[in-house]
Amino acid sequence: MGAGREATISLDVVRDKNLMQLKKLNAALFPVRYNDKYYADALASGEFTKLAYYSDICVGSIACRLEKKEGGAVRVYIMTLGVLAPYRGLGIGTKLLNHVLDLCLKQNIAEIYLHVQTNNEEAINFYKKFRFEITETIQNYYTNITPPDCYVVTKYITQPER
């Protein structure tokens with residue numbers, strides 16, 4: 001980079017033509033292989049799934065699924081949020097999560113949640129900064145990774161007073 005030039009972080013929606021970027025990131029970031037349903041849900045969520053670019057290099061992503069609750073309300077499930085290790089601490093994960101939280105506010109979505117492996121303190125602390133809370137522990141949630149247990153981490157979003 002040239003002297004004095006700030007690296008820019010930009011977000012791009014995931015679509016068929018750049019879906020392979022998401023697949024490559026997931027392979028590098030997560031100990032789990034994701035199936036076709038994951039990618040179909042990610043594509044179907046539209047603006048709720050984004051790739052993050054740091055100076056035009058794809059370095060992170062957030063992939064969400066929109067779920068209908070009984071009574072018709074929608075909640076957001078964060079399937080994955082990850083940033084490649086050399087690019088952590090630069091605000092990329094924060095930008096991705098804030099993008100989704102802003103969408104929740106605009107669309108009157110009151111609940112967003114995810115699963116986090118119980119030993120992933122870095123992720124747990126990251127979400128706590130955004131006022132997510134551990135709302136449940138599920139034993140043996142994961143197969144083929146240790147520990148197999150996870151926390152359900154949830155944020156209830158209250159709309160600002162008008």
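The present account deals with the structure reproduced in this document.

What counts, and where the lines are drawn
- Residues numbered from 1 in each chain as written.
- Predicted model: local features only at pLDDT ≥ 70, side-chain atom pairs only at ≥ 80, totals over all residues.
- Heavy atoms only, no water.
- Buried < 20%, exposed > 50% of the residue type's maximum accessible area, 1.4 Å probe, protein only.
- Helix = DSSP H or I, 4+ residues; strand = E, 2+ residues; numbered from the N terminus.
- Pairing = 2+ DSSP bridges.
- Axes fitted to C-alpha atoms, helices over the stretch in contact; angles between N-to-C directions.
- Parallel < 35°, antiparallel > 145°, perpendicular 65-115°, else oblique.
- Left-handed = near helix turned anticlockwise from the far one by under 90°.
- Contact = heavy atoms within 4.5 Å.
- Nonpolar A, V, L, I, M, F, W, Y, C, P; charged D, E, K, R; others polar.

## Thoughts on the pairing of strand E4 (residues 74-83)
Phase 1: Burial analysis of E4 places eight of its ten residues in the buried class, the great majority of the element.
Phase 2: Of the pairings in the sheet, the one linking strand E3 (residues 57-68) to E4 comprises nine bridges and is antiparallel in character. By the bridge assignment for E4, Ser61 is matched with Gly82.
Phase 3: A loop of five residues connects E3 with E4, the two strands running antiparallel in sequence, and Gly71 in this loop sits at a positive phi of about 95 degrees.
Phase 4: Pairing of E4 with strand E5 (residues 111-117), which is carried by two bridges, proceeds in the parallel orientation. Note that in E5 the partner of Tyr77 across the bridge is Tyr113.

## Observations concerning the packing of helix H1 (residues 19-29) against helix H2 (residues 36-44)
A pair of packed helices is captured by two measures, namely the crossing angle of their axes and the spacing between those axes.
Phase 1: Close contact between H1 and H2 brings their axes to 12 Å; oriented N to C, the two are set at 125 degrees. Between H1 and H2, the angle falls in the class oblique. As for how H1 packs across H2, the hand of that crossing is right-handed. For the pair H1 and H2, contact is made by Leu19, Leu22, Lys23 and Asn26 and by Tyr38, Tyr39, Ala42 and Leu43, respectively.
Phase 2: Partitioned by chemical class, the residues of the contact of H1 with H2 number six nonpolar, one polar and one charged.

Keep in mind these values describe shape, not function.
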